[in-house]
Amino acid sequence: MIKVLLVDDHALVRTGLRLILDAAEGIEVVGEAETGEGALDLIRKQPPDIVLMDINMPGIGGIEALHRMLHLDPTLAVIVCSVQGSDPYPTKLMQMGARGYLTKGCPADELVRAVMTVASGERYISSDVAQMLALTMLPHTGRQQTQIDTLSQREMQVLLMVAEGMGIQEIADKLCVSPKTVGTYRHRLYDKLGVTNDVELSHFALRHGIIPTEVTGQ
């Protein structure tokens, strides 16, 4: 039996995922969490085979949660299930160690197939995301290395938190670092992305699809 932990801050989404997975033979949902912190607590108590998680969540956020999960257990299989289907997310998160990437628009049978595939030791990227990634690699698309490609995992997480309106102290508390360290990350982001303040940083995140529009209400 494949044991799955669901991590999403929307109860309705978790209910839908549970119904789909519990109906599939050989899969059992063993827990649910609405934040990365909650997921880490459950993983420590009862390690699942697979974590199916969103990225845009309150608290430490999905990127930091993935980092901590894999630090806790490098063999843990994590599948990201997000509304974000375009880069930089799929590439960044797979590079970080995620074993699969799905969009929330994928059909139910693909969700089950992804869990089965990842449980067997392989990676899985949903068909729509795979097509997008393949197209960006074609010579005629002219894709070049972007400013986002230069960001580290921690810089990406700080970018998300700033764009969501968090202050330096709140970010420091969430990431368990000093406010000075957060300030250092912010200024690195300013330099790498060519912005001068947090408002411009948030606009950059929106323009490049790093956060959905509804997060900031803009």
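The residue count restarts for each chain, going from 1 along the sequence in the order it is written. Where local features are concerned, this predicted model is filtered to residues with pLDDT of at least 70; where side-chain atom pairs are given and counted, the filter is 80 or more; whole-chain, interface and lining totals use all residues. Side-chain figures throughout are based on the complete set of non-hydrogen atoms in the structure, without hydrogens or water.

Visitor: Hey, could you run me through the overall build of the protein chain in this one?
Guide: Here a strand is any run of E in DSSP of at least two residues, a helix any run of H or I of at least four, and the numbering for each starts at the N terminus. Along its length, the protein chain carries 11 helices and 6 strands. Note on classification: 1.4 Å probe, protein chains only; a residue is buried when its accessible area is under 20% of the maximum for its type, exposed when over 50%, partly exposed between these limits. Expressed as a percentage of its 218 residues, the buried residues of the protein chain come to 48%. Contact criterion: two residues are considered in contact whenever any of their non-hydrogen atoms come within 4.5 Å of each other. Long-range contacts, defined as pairs at least 24 residues apart, comprise 63% of the intrachain contacts of the protein chain with a sequence gap of at least 6.

Visitor: Got a minute to help me understand the pattern of salt bridges in this structure?
Guide: Note on pairing: side chains with opposite charge can pair once their charged atoms come close. Salt bridge, as used here, is a side-chain nitrogen of Lys or Arg placed within 4 Å of a carboxyl oxygen of Asp or Glu. All chains considered together, the criterion is met by 10 salt bridges. The structure contains a network of salt bridges with shared partners spanning Arg 14, Arg 18, Asp 22 and Glu 32.

Visitor: When you look at the sheet that holds strand β5 (residues 100-103) in this model, what are you seeing that I'm missing?
Guide: Adjacent strands of a sheet pair through backbone hydrogen bonds, lying either parallel or antiparallel. Paired strands, as defined in this entry, are two strands with at least two bridges between them according to DSSP. Taken together, the 6 strands give an open sheet; going across it, the order is β2-β1-β3-β4-β5-β6, and neighbouring strands pair in parallel fashion. At either end of the open sheet lies a strand with only one pairing partner, and these are β2 (27-33) and β6 (124-125). Note: strand β4 (residues 77-82) against β5, 4 bridges, orientation parallel. Residue Cys 81 lies in a different strand from β5, and its bridge partner there is Leu 102. Angular values range over 0 to 180 degrees, each being the angle between N-to-C directions of two axes fitted as lines to C-alpha atoms, with helices fitted over their stretch in contact. On the sheet, helix α4 (residues 89-96) packs against β4, β5 and β6 and is oriented at approximately 155° with respect to β5.

Visitor: I would appreciate a short explanation of the nonpolar core in the present structure.
Guide: Nonpolar side chains in soluble globular proteins generally cluster together in the buried interior. Among the nonpolar cores identified, the biggest contains 48 residues, and Val 51, Met 69, Leu 93 and Ile 210 are the most heavily contacted of them. The residues contacting Met 69, other than those within four sequence positions of it, are Ala 39, Leu 40, Ile 43, Val 51, Met 53, Leu 76 and Val 78. As used here, the term nonpolar core means buried Ala, Val, Leu, Ile, Met, Phe, Trp, Tyr and Cys residues forming a set that is joined through side-chain atoms within 4.5 Å.

Visitor: Mind showing me how you'd approach helix α8 (residues 168-175) here?
Guide: Each α-helix turn comprises 3.6 residues. Residues three or four places apart therefore point the same way. Within the span of α8, buried status applies to Ile 171, Ala 172 and Leu 175. The buried residues of α8 all sit within an arc of 100° when viewed along its axis, so they share a single face. Next to the buried residues of α8 lie α3 (61-72), α7 (153-163) and α9 (179-193). Positive backbone phi, at 60°, marks Cys 176, one or two positions downstream of α8. The arc in question is the one spanned by the directions pointing from the helix axis to the C-beta atoms.

Purely geometric stuff here, so don't read any function into it on its own.
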